[in-house]
Amino acid sequence: MADEHLAQLTAVEAVRRLQQGRLTAEELVGACLEHIRRAEPTVQAWQFLDEEHALAQARAADERRRSGEAVGPLNGIPVGIKDIIDTADMPTENGTVLHKGRTPRADATVVARLRAAGAVIMGKTVTTECAYFTPGKTRNPHNPEHTPGGSSSGSAAAVAAQMVPLALGSQTAGSVIRPGAFCGDYAFKPTHGLIPRTGVLPLSRTLDHVGLFARGLEDLALLAEELVGWDQGDPDTRPRARMPFRAIAAEEPPIEPMFAFIKTPHWERVDADAKEAYGELVETLGDRVEDVELFPSAREAWDWQRTIMETEMAANLEPLWRSGKEKLSERLRGLIDRGCETRAIDYQRVLRSLPPMVEAFDQLFTERYDAILTPPALGTAPKGLGATGDPVFCVLWTLLGMPAVTLPLMRGANGLPLGVQLVGRRNFDPRLLRTARWLSAKLQ
């Protein structure tokens, strides 16, 4: 029987043991599989899982190490993959019956990069329907009567339930940060265009991001470092020098960070216990945090995001609409209907409004602040499985392509995780993780 405690290791801890010869990939994957067998009937995080295929990958990773072959930084580390991200050796069904049994011919770029780094592609995690709002089968590991969030439901739950140390998701509104917060994970949505989306179900070129789930900030840095970079299939990526995520995230900040506490116009909707927790957090930070009001134009951002998302999703999902409209949920059909009715002039006007807003936030960071402090959600994971929660506190940062991370630093009155969201300046992602590490240490 596998040592189940191995399934609780962070990715960084597992890498260290593997390098020291104190652990094999087969032992690690075996422990994760044993944990999955125990927890999956309740959590239901997986859409596809082939135990023998996972173990075969683990044995191959061990053989690479034994043979003296150069191995990648993630050699033997299990990773869950959201089921909208293509895998050539496993089905990718995008959360819709219209793609039942679909097996792509090629890996998504992020999957190819994981394989090159030696990772074990453990299986496919549950997504909501086409990564929109209609829930899948997954439940919150902390209380199965509560939602895990969405749309990256399975990835968030799998990491939280100690089934895998790392997982990939995606975010078009709040689909990484919100489930990460609900499930008590460390979750990271990078700057738009930093991680390529080639081979990921396209919903909105303007808004789509690949996101990461892990058990710690070091793990996020380790994973991000392997995934960031230019890819010819994604026009929003660009050639760049390798970003030293791990080195920068591990540094001490040259001075104590300064935080801008932005409540947004939706603060009044925040749950009472979350407001109280944030009040205590602000008090703890003292003179390192200041209340900052959004500038007037930013208050329109939620309407702008809806216009872009509905228009671009309608265009991208039109083939599904034509082939089986009656098999799509009413909510997704409604989005496509609205997107088809958007006037081109309104859509273009919104797109033109975004660069000035990004510049305004850049100035805020340049002049005073290291990160924006704001909730990732209205509170803890809502009870019930018919919805995945409101992404309202993620929408603005997704719209502007700014990096965001959620940290499981607090608890709600019901004992469920209550996340802390930090948002950084575009393309300063490693510094955001460094600031997040400082905050985590400050609160522990």
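Parameters and conventions
Residues numbered from 1 in each chain as written. Predicted model: local features only at pLDDT ≥ 70, side-chain atom pairs only at ≥ 80, totals over all residues. Heavy atoms only, no water. Helix = DSSP H or I, 4+ residues; strand = E, 2+ residues; numbered from the N terminus. Pairing = 2+ DSSP bridges. Axes fitted to C-alpha atoms, helices over the stretch in contact; angles between N-to-C directions. Contact = heavy atoms within 4.5 Å. Core = buried A, V, L, I, M, F, W, Y, C linked by side-chain atoms within 4.5 Å. Buried < 20%, exposed > 50% of the residue type's maximum accessible area, 1.4 Å probe, protein only. Salt bridge = Lys/Arg side-chain N within 4 Å of Asp/Glu carboxyl O. Parallel < 35°, antiparallel > 145°, perpendicular 65-115°, else oblique. Left-handed = near helix turned anticlockwise from the far one by under 90°. Nonpolar A, V, L, I, M, F, W, Y, C, P; charged D, E, K, R; others polar. Arc of directions from axis to C-beta.

Colleague: Outline unusual backbone geometry, listing residues and values.
Modeller: With glycine set apart, most residues show a phi of negative sign, and most peptide bonds adopt trans. For the peptide bond that leads from G150 to S151, omega is 5°, which places it in the cis range. Along the polypeptide, S151 turns up in the loop between β3 (120–125) and α5 (153–160). Non-glycine residue Q162 carries a positive phi angle of around 60°. Mapped onto the fold, Q162 is located in the loop between α5 and β4 (166–171).

Colleague: Tell me about the sheet that holds strand β8 (residues 289–291), residues and numbers included.
Modeller: With mixed pairing, eleven strands are arranged side by side in an open sheet as β1-β3-β2-β4-β6-β5-β10-β11-β9-β7-β8. Pairing within the sheet leaves two strands with one partner each, and these edge strands are β1 (46–49) and β8. Each strand axis lies, on average, 30° off the axis of its neighbour in the sheet, ignoring direction. Sheet topology note: the strand β2 (residues 78–82)/β4 ladder contains three bridges and is parallel. Looking at β4, one finds that G80 is bridged to A167. Strands in contact with helix α9 (residues 272–285) are β7 (259–261), β8, β9 (371–374), β10 (404–411) and β11 (417–423); relative to β11, the strand with the most contacts, it is inclined by about 55°.

Colleague: Would you mind going over the nonpolar core in detail, with residue names and values included?
Modeller: L114, F361, L373, V405, L422 and L439 are the most contacted members of the largest nonpolar core, which totals 146 residues. With nine residues, helix α2 (residues 25–43) is the largest single contributor of residues to this core. What V405 contacts, discounting residues up to four positions off in sequence, is I177, A187, F188, L217, L220, V420, Q421, L422, L432, L433 and A436.

Colleague: So, the pattern of salt bridges: which residues are in play, and what are the values?
Modeller: Evaluated as defined, the whole model comprises 28 salt bridges. As a salt-bridge pair, R102 and D86 come within 3.1 Å of each other at their nearest N and O atoms. One end of the pair, R102, is in the loop between β2 and α4 (109–116); the other, D86, is in the loop between β2 and α4, and 16 residues separate them in sequence. You can call D86 buried: its relative accessible area is 11%. A cluster of three or more residues bridged by salt bridges with shared partners is formed by R197, R205, D234 and D236.

Colleague: Would you mind going over the packing of helix α10 (residues 301–316) against helix α13 (residues 344–367) in detail, with residue names and values included?
Modeller: Direction vectors running N to C along α10 and α13 enclose 130°, while the axes themselves pass 10 Å from each other. On the basis of the axis angle, α10 is oblique to α13. Handedness of the crossing formed by α10 with α13: left-handed. Mapping the contact onto sequence places A301, W304, T307, I308, T311 and E312 in α10 and Y347, V350, L351, S353, L354 and M357 in α13. Partitioning the contact of α10 with α13 into residue classes produces eight nonpolar, three polar and one charged.

Colleague: Tell me about helix α1 (residues 11–20), and please be specific about residues and values.
Modeller: All buried positions along α1 are accounted for by A11, V12, A14, V15 and L18. Down the axis, α1 shows its buried residues gathered within 160° of arc, on one side only. Taken together, the buried residues of α1 touch α2, α3 (51–66), β4 and α7 (217–227). Positive backbone phi, at 80°, marks G21, one or two positions downstream of α1.

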